[in-house]
Amino acid sequence: MAAPRSPQRARERERSRAPAAGSDQVHSWTLATSQALDTIWRMAKGFVMLAVSFLVASVCYFRRLHLYSGHKLKWWIGYLQRKFKRNLSVEAEVDLLSYCAREWKGETPRTKLMRKAYEELFWRHHIKCVRQVKRDNYDALRSVLFQIFSQGISFPSWMKEKDIVKLPEKLLFSQGCNWIQQYSFGPEKYTGSNVFGKLRKCVELLKTQWTEFNGIRDYHKRGSMCNTLFSDAILEYKLYEALKFIMLYQVTEVYEQMKTKKVIPSLFRLLFSRETSSDPLSFMMNHLNSVGDTCGLEQIDMFILGYSLEVKIKVFRLFKFNSRDFEVCYPEEPLRDWPEISLLTENDRHYHIPVF
């Protein structure tokens, strides 16, 4: 029969089991806490990564939106400027030597020649500024007419004696010039039976504008009106076609005088001696109709323009610097009381306006 267990030994065994149970409980709590922290860390890490991704995507989106908006804003600003800004065909005055330095850079022989020519204008002829003129096949007519209007130059003497609005019909009915129906309005190339009505409107506009400018005594007001007029391409071209017709009318008048053995200016003898301009019709078909379309005014045309408008057109031909042809006048022998206007050209094709 087994001896009964001692109470003391039983207590010792119970005492030894208690620490083991406590250790298991602590380990269980530690494991649970670690798992919870790990779960929280993973969730926090995921949230941070999601937030960073969202932030990067937002930055990229707003950057692209900013670039797109800036591009569109720039386009609209340019459009509105082109829409509402006056497109002046004769620009504002700029310093002559600054313009030269900007346009003629480098050390080529031609560049050096042009710089010396501009310096000659500045120091010897006291030209301080230049007005750039739109480069097209009307620019010689534009340069001359702008100065006539801005200076308030009066009508030629012969225009004061005649109603120039009636000149188209005069050529047809009084002088039998049926060929004028072949007159071409620059790039428009308009011809036909209504050419007289179209020419009449152009000449009437020239008369109206010239009368208005001549009646204004304030220089600054004339300048402001010139800026308005020379920003309207439609009105401009009508005025230039009127000038072309005035030239044609003068050629026809002098040709009729020549047929009656009257003395005519030498420049017209030169004009009629050419095969391509032996009479008014050939002059119109071979030369005048192309002006404004495929070519500008030739030198002989500049003579006729000056004679027709009774102005002395002084031209500084910069590419002819250091030669006798550097400074020329159209016509060469104007009457003393004719007003003088000045142009400058770098190639005899395009003209600008010097400002003294």
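The name given to the protein chain in an unreviewed UniProt entry is Inactive ubiquitin thioesterase OTULINL isoform X1, and the organism recorded there is Sapajus apella. UniProt annotates the protein chain under Subcellular location (unreviewed entry) with the comment "Cytoplasm".

Moving on, we come to the sheet that holds strand β2 (residues 129–133). Read across the sheet, 6 strands follow the order β1-β2-β6-β5-β3-β4 without closing on themselves; strand pairing throughout is mixed. A strand with exactly one partner marks an edge of an open sheet, and here the two such strands are β1 (90–95) and β4 (327–330). Averaged over neighbouring strand pairs, the angle between their axes works out to 30° when direction is ignored. Judged from the 6 bridges that link them, strand β3 (residues 312–317) and strand β5 (residues 340–345) form a sheet pairing that is parallel. For K314, the partnering residue across the bridge sits in β5 and is S342.

Moving on to unusual backbone geometry. Look at the link from Y330 to P331: it is a cis peptide, with omega at -10°. For P331, the location among the structural elements is in the loop between β4 and β5. If you check the backbone angles, H126 has positive phi at about 60° while not being a glycine. When you line up the elements, H126 lands in the loop between α3 (109–123) and β2. Here the phi dihedral of K261 falls at roughly 65°; this positive angle occurs in a residue that is not glycine. Its location among the elements puts K261 in the loop between α9 (233–259) and α10 (266–273).

With that settled, consider the pattern of salt bridges. Per the counting criterion, the structure on display carries 18 salt bridges. Residues E107 and K112 are paired through a salt bridge, measuring 4.0 Å at the closest nitrogen-oxygen approach. Shared partners join several salt bridges into a network, and the residues in it are K312, K314, E327 and E340.

Within the secondary structure layout, N286 lies in helix α11 (residues 280–286). Residue class for N286 comes out partly exposed when judged on its relative accessible area of 44%. Distance in space between the C-alpha atoms of N286 and E275 is 9.9 Å, their sequence separation being 11 residues. Looking at N286, its side chain comes within polar contact range of the main-chain oxygen of T276, at 2.9 Å.

Now for the nonpolar core. Counting 74 residues, the largest nonpolar core has F149 and I313 as its most contacted members. With 12 residues, the top contributor of residues to this core is α9. Setting aside residues no more than four positions away along its own chain, I313 makes contact with V144, M302, L305, G306, V328, C329, Y330, I341 and L343. A117, F122, F326 and L344 belong to the second-largest nonpolar core, a separate cluster that totals 16 residues.

Moving on, we get to a nonpolar patch on the surface. Among the surface-exposed residues, F47, V48, V52 and V56 lie close enough to one another that they form a single nonpolar patch of about 370 Å² accessible area. Here V56 lies in helix α1 (residues 7–84). For V56, a relative accessible area of 45% puts it in the partly exposed group.

Calculation notes
Residues numbered from 1 in each chain as written. Predicted model: local features only at pLDDT ≥ 70, side-chain atom pairs only at ≥ 80, totals over all residues. Heavy atoms only, no water. UniProt positions renumbered as here; feature names shortened; annotations may be inferred. Pairing = 2+ DSSP bridges. Helix = DSSP H or I, 4+ residues; strand = E, 2+ residues; numbered from the N terminus. Axes fitted to C-alpha atoms, helices over the stretch in contact; angles between N-to-C directions. Salt bridge = Lys/Arg side-chain N within 4 Å of Asp/Glu carboxyl O. Buried < 20%, exposed > 50% of the residue type's maximum accessible area, 1.4 Å probe, protein only. Polar contact = N/O pair within 3.5 Å; in protein donor to acceptor, adjacent residues only side chain to side chain. Core = buried A, V, L, I, M, F, W, Y, C linked by side-chain atoms within 4.5 Å. Contact = heavy atoms within 4.5 Å. Patch = residues over 30% accessible without salt bridge, like charges linked within 9 Å, V, L, I, M, F, W, Y side chains within 5 Å. Areas by Shrake-Rupley, 256 points an atom, 1.4 Å probe, with all protein chains shown as cover.

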